[in-house]
Amino acid sequence: MLRTIIIEDELHIRNTIGKIIKKNDLQVRIIAETDSVESSISVIVKNRPDLILLDVQLTDGTGFDLLEKIKDILPLKVIFITAHEQYALKAIKSNAMDYVLKPIKPIELIAAIQKATDAITKEHTEFKISAMISE
């Protein structure tokens, strides 16, 4: 199960994301939800998530502001979920795993989360194998 944080300023969108995840039995456990850059920093540092579902526009800045503030603290796997298609290139340049547009189409969110799950699981497996080899 991927430990996941939803960072989204709209409660109904957070609820929609949660329902899609539960209904489709995705290998994701939502460990926290926040709606701002500042509240997200401490939640991320404390919980060390595997995946972040991140909106571009937050209550006190942008998802890009958040990524900039924590870039040296913790490497993150991020899926952007936003109504703003014009930020897609910027998201790619910030190493986003995927970019889902609102209104959220469940099939697109499911595909993005599955892609992230596969990549993160592979990464964890490779790390464990290299740790065993170096012992």
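**Q** Let's hear about the side chain of serine 36: which residues, and what values?
**A** Structurally, the position occupied by serine 36 is in the loop between strand S2 (28-34) and helix H2 (37-47). Residue class for serine 36 comes out buried when judged on its relative accessible area of 9%. Once residues lying within four places of it in the same chain are set aside, the contact partners of serine 36 are Ile7, Leu58, Thr59 and Asp60.

**Q** Provide a residue-level description of the pairing of S2, including the pertinent values.
**A** Pairing geometry for strand S1 (residues 2-7) and S2, over 6 bridges, is parallel. Of the residues in S2, the one forming a bridge with threonine 4 is isoleucine 30. Note that the unit made of S1, helix H1 (residues 11-23) and S2 has a crossover that is right-handed.

**Q** Would you mind going over helix H3 (residues 63-70) in detail, with residue names and values included?
**A** The complete set of buried residues in H3 reads Gly63, Phe64, Leu66, Leu67 and Ile70. Take H3 and look down its axis: the buried residues cluster within an arc of 155°, on one side only.

**Q** Before we move on, could you go through the environment of glutamine 114 and cite the residues and values that matter?
**A** Position of glutamine 114 relative to the elements: it lies in helix H5 (residues 106-134). The class for glutamine 114 is partly exposed, based on a relative accessible area of 34%. Note: C-alpha distance between glutamine 114 and phenylalanine 80 (34 residues apart in sequence) is 14 Å.

**Q** Give me the lowdown on the pairing of strand S6 (residues 78-82), citing residues and values where you can.
**A** Most of S6 sits inside the fold, with 5 of its 5 residues counted as buried. When strand S3 (residues 51-54) meets S6, the two strands line up parallel, connected through 3 bridges. Considered in S6, the bridge of isoleucine 52 is made with valine 78. Relative to strand S7 (residues 98-101), S6 runs parallel, the two being bridged by 4 bridges. Counterpart to isoleucine 81 in the pairing with S7 is valine 100.

**Q** Any chance you could break down the pattern of salt bridges for me, citing the residues and the numbers?
**A** Pairing is possible between side chains that carry opposite charge, provided their charged atoms lie close to one another. This model, assessed by the stated rule, comprises 8 salt bridges. Here lysine 115 makes a salt bridge to aspartate 98, at a shortest N to O gap of 3.6 Å. Note that lysine 115 is positioned in helix H5 and aspartate 98 in strand S7, a separation of 17 residues in sequence. Using a relative accessible area of 45% as the deciding quantity, one classes lysine 115 as partly exposed. For aspartate 98, a relative accessible area of 24% corresponds to the partly exposed category.

Rules used throughout
- Residues numbered from 1 in each chain as written.
- Predicted model: local features only at pLDDT ≥ 70, side-chain atom pairs only at ≥ 80, totals over all residues.
- Heavy atoms only, no water.
- Helix = DSSP H or I, 4+ residues; strand = E, 2+ residues; numbered from the N terminus.
- Buried < 20%, exposed > 50% of the residue type's maximum accessible area, 1.4 Å probe, protein only.
- Contact = heavy atoms within 4.5 Å.
- Pairing = 2+ DSSP bridges.
- Right-handed = clockwise from strand over helix to strand, strands pointing away.
- Arc of directions from axis to C-beta.
- Salt bridge = Lys/Arg side-chain N within 4 Å of Asp/Glu carboxyl O.

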